[in-house]
Amino acid sequence: YIFNENTKAKSRSLNFYLDRDIKYINNDYFEDSLKSVPNIIFTNEKGYNKLMKGNNKKIEVLKIFPHTRVAKLNKSFINPDTRSMALKKKYLIKVT
């Protein structure tokens, strides 16, 4: 699942490399529908913080990825000295 992401900015590469259509979910779906465990969720920092607050499920961070949208590169990303400022974090987590 992809949690708390803009569905208009779909990650087609994630669908391609996983060879499946990834479902976009929000907090309501997470609370009501994720009954079977474990589940793997990919989310941004805001989504990760939402998941960490106030739920009764165990969350394990599998990997944190530096991320930028390739279609929206800017000068700060291209310059190696300032690249880290242009990157955001994406989280791959397991929910049990």
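Sequence order as written defines the numbering, with residues in each chain counted from 1. Totals for whole chains, interfaces and linings use all residues, but because this is a predicted model, local features are given only for residues with pLDDT of at least 70 and pairs of side-chain atoms are given and counted only at 80 or more. For side-chain calculations, the full set of non-hydrogen atoms in the structure is used, while hydrogens and water are omitted.

**Q** Tell me what's going on with the pattern of salt bridges, and back it up with residues and numbers.
**A** Salt bridges, as used here, are contacts in which a Lys or Arg side-chain nitrogen is within 4 Å of a carboxyl oxygen on Asp or Glu. In this structure the tally under the stated criterion is 1 salt bridge. A salt bridge links Lys94 to Glu60; the nearest nitrogen and oxygen atoms lie 3.8 Å apart. With Lys94 in strand E5 (residues 88-95) and Glu60 in strand E4 (residues 59-67), the pair connects residues that are 34 residues apart, well separated along the chain. Residue class for Lys94 comes out partly exposed when judged on its relative accessible area of 27%. Helix and strand assignments come from DSSP, with helices taken as H or I runs of at least 4 residues and strands as E runs of at least 2, each series counted from the N terminus. Each residue is placed in one exposure class: buried if its accessible area under a 1.4 Å probe, protein chains only, is under 20% of its type's maximum, exposed if it is over 50%, and partly exposed if it falls in between.

**Q** Give me the nonpolar core: which residues, what numbers.
**A** Within the largest apolar cluster, 8 residues are counted, these being Ile25, Ile41, Tyr48, Leu51, Ile59, Tyr91, Ile93 and Val95. When residues of this core are traced back to their parent elements, those giving at least two are helix H3 (45-52) and E5. A per-element tally of this core places E5 first, with 3 residues. Any two residues whose heavy atoms approach within 4.5 Å are treated as being in contact. With near-sequence residues (within four places) excluded, Tyr91 lies in contact with Ile41, Phe42, Thr43, Asn44, Glu45, Tyr48, Val61, Lys63 and Ile64. Definition of nonpolar core: a set of buried residues of the types Ala, Val, Leu, Ile, Met, Phe, Trp, Tyr and Cys, connected through side-chain atoms within 4.5 Å.

**Q** Lay out H3 with the relevant residues and their values.
**A** Every buried residue of H3 is accounted for by Gly47, Tyr48 and Leu51. Angularly, the buried residues of H3 cover 100° about the axis, an arc narrow enough to put them on a single face. Where H3 begins, one side-chain oxygen reaches toward the backbone nitrogen of Lys46, 3.3 Å away; that side chain belongs to Asn44. Regarding the arc, it is the one traced by the directions from the helix axis to the C-beta atoms. In the analysis that follows, any N or O atom pair within 3.5 Å is treated as a polar contact, provided that within protein one partner can donate a hydrogen and the other can accept it, and provided that, for residues neighboring in sequence, both atoms belong to side chains.

**Q** Outline the pairing of E5, supporting the account with residue identities and numerical values.
**A** Both strand E3 (residues 39-44) and E5 contribute to a ladder of 6 bridges, which runs antiparallel. Note on E5: the bridge partner recorded for Phe42 is Leu92. A pair of strands is treated as paired once DSSP finds two or more bridges between them. Two elements, E4 and E5, share 8 bridges in a ladder whose sense is antiparallel. Counted as the bridge partner of Phe65 is Lys90 from E5.

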